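Letter by letter, the chains look like this.
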Amino acid sequence: MSLELTFNPDIQLTEMMRLRVQSLQQRGQKRQDGERLLKSNEHVYRLDFSEQALHFTCWNIRMSAPGRLNIIATSQLWTPDLTHLMTRQLLEPTGLFWKSTDDDLLQCYEADAQEFGERIAELAKVRKVMYFLFAFEDGLSLENIECSIEFQKKAVQVEALPEDVHPGGGRSTKSRVDQMEGGAREVTVEARADQMEGGARRDPGHNPDGVEPTEGGAMVEEGLTTLGGRPMAAEPEAETESR
């Protein structure tokens with residue numbers, strides 16, 4: 001199933017970043033080392049992910065006027081309400097799209113656009129929202145574009161219960177001897193451990209010592225124990241007097 005997500009301008013965040021530039025200019029201060037200030041032709045956009053298991057399909061960009069649009073993505077390390085945007089938090093490649101005055105066909109660098117879309121799909125796994133810088137060039141403006149990105153939803157795999165789990169709590173174990181060189185046959189062996197009261201397990205029919213359980217839980221072996229579980233005293237051998 002396909003999913004189309006629209007890029008929406010974040011007016012509040014754009015204004016906040018513009019105020020940062022104005023504040024530095026008014027105070028005559030320099031930006032922090034590595035800080036990325038918002039340029040006059042740039043606007044902040046956001047992309048909200050309603051799904052997170054996605055596979056990139058295509059870009060849907062419409063321009064009603066000629067010009068160039070450069071879309072720059074930011075990494076998940078940028079938290080706009082806490083830190084300034086840094087240059088190292090900008091991702092590559094960018095998405096560059098343009099339309100010339102004598103051609104109505106929208107153009108782009110296809111390899112970069114494909115890789116860019118795939119990176120967005122990867123980041124969607126760990127983010128609910130992603131921020132972008134939209135740079136408008138050659139006469140293009142905010143009002144002249146509509147931009148969205150299309151994904152294919154990935155099927156969510158539900159793990160089934162293993163076949164060796166039984167309702168009564170018992171489990172069966174399977175072992176297989178695969179065919180080997182030399183002509184060995186393939187053999188499948190199945191053994192089941194049934195559950196007894198109290199959580200003990202035994203293999204029915206397996207009684208190597210000839211010991212049988214009684215109702216009281218004692219083990220009886222012929223000539224050694226009584227039904228009460230007490231050892232049976234051995235009868236003394238009759239002494240014969242030789243006179």
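Reading the values: the criteria
Residues numbered from 1 in each chain as written. Predicted model: local features only at pLDDT ≥ 70, side-chain atom pairs only at ≥ 80, totals over all residues. Heavy atoms only, no water. Pairing = 2+ DSSP bridges. Helix = DSSP H or I, 4+ residues; strand = E, 2+ residues; numbered from the N terminus. Axes fitted to C-alpha atoms, helices over the stretch in contact; angles between N-to-C directions. Contact = heavy atoms within 4.5 Å. Buried < 20%, exposed > 50% of the residue type's maximum accessible area, 1.4 Å probe, protein only. Salt bridge = Lys/Arg side-chain N within 4 Å of Asp/Glu carboxyl O.

Observations regarding the sheet that holds strand E9 (residues 145-153)
- The strand order E1-E9-E4 describes an open sheet built from 3 strands, whose pairing is antiparallel. One side of each edge strand has no neighbouring strand; the edge strands of this open sheet are strand E1 (2-6) and strand E4 (54-63). In this sheet, neighbouring strand axes are inclined to one another by 25 degrees on average, regardless of whether the strands run parallel or antiparallel.
- Across the sheet, helix H2 (residues 110-123) is in contact with E4 and E9; its angle to E4 comes to roughly 125 degrees.

Some remarks on the environment of Cys58
- Mapped onto the secondary structure, Cys58 falls in strand E4.
- Overall, the relative accessible area of 25% leaves Cys58 in the partly exposed class.
- If near-sequence neighbours (up to four positions away) are discounted, Cys58 is found in contact with Ile149 and Glu150.

Things to note about the pattern of salt bridges
- Considering all chains together, one arrives at 9 salt bridges under this definition.
- Arg46 is the partner of Asp10 in a salt bridge, and the nearest nitrogen-oxygen pair spans 3.7 Å. Of this pair, Asp10 sits in the loop between strand E2 (8-9) and helix H1 (11-27) while Arg46 sits in strand E3 (residues 42-48); the two residues are 36 residues apart in sequence, bridging distant segments of the chain.
- Here Asp10 falls in the buried class, since its relative accessible area comes to 12%.
- A relative accessible area of 24% places Arg46 in the partly exposed class.
- Among the salt bridges present, the one from Arg62 reaches Glu146, with a minimum N-O distance of 3.2 Å. Residue Arg62 is located in strand E4, and its partner Glu146 is located in strand E9; the two are separated by 84 residues in the primary sequence.
- Judged by relative accessible area, which is 45%, Arg62 ranks as partly exposed.

A word on the pairing of E9
- In the sheet, E1 pairs with E9 via 5 bridges, with the strands oriented antiparallel. Note on E9: the bridge partner recorded for Leu3 is Phe151.
- Pairing between E4 and E9: 9 bridges, direction antiparallel. Across the sheet, the residue bridging to Met63 is Ile145, located in E9.

A few points about the sheet that holds strand E5 (residues 67-73)
- The strand order across the open sheet formed by 6 strands is E2-E3-E8-E5-E6-E7, and the pairing between neighbours is antiparallel. This sheet does not close on itself; its edge strands, each paired only once, are E2 and strand E7 (107-108).
- Here 2 bridges tie strand E6 (residues 95-99) to E7, and the two strands are oriented antiparallel to one another. Counted as the bridge partner of Phe97 is Cys108 from E7.
- The strands touched by H1 within the sheet are E2, E3 and strand E8 (129-137), with E3 carrying the most contacts at an inclination of about 145 degrees.
- Sheet contacts for H2: E3, E5, E6, E7 and E8; angle to E8, the most-contacted strand, approximately 155 degrees.

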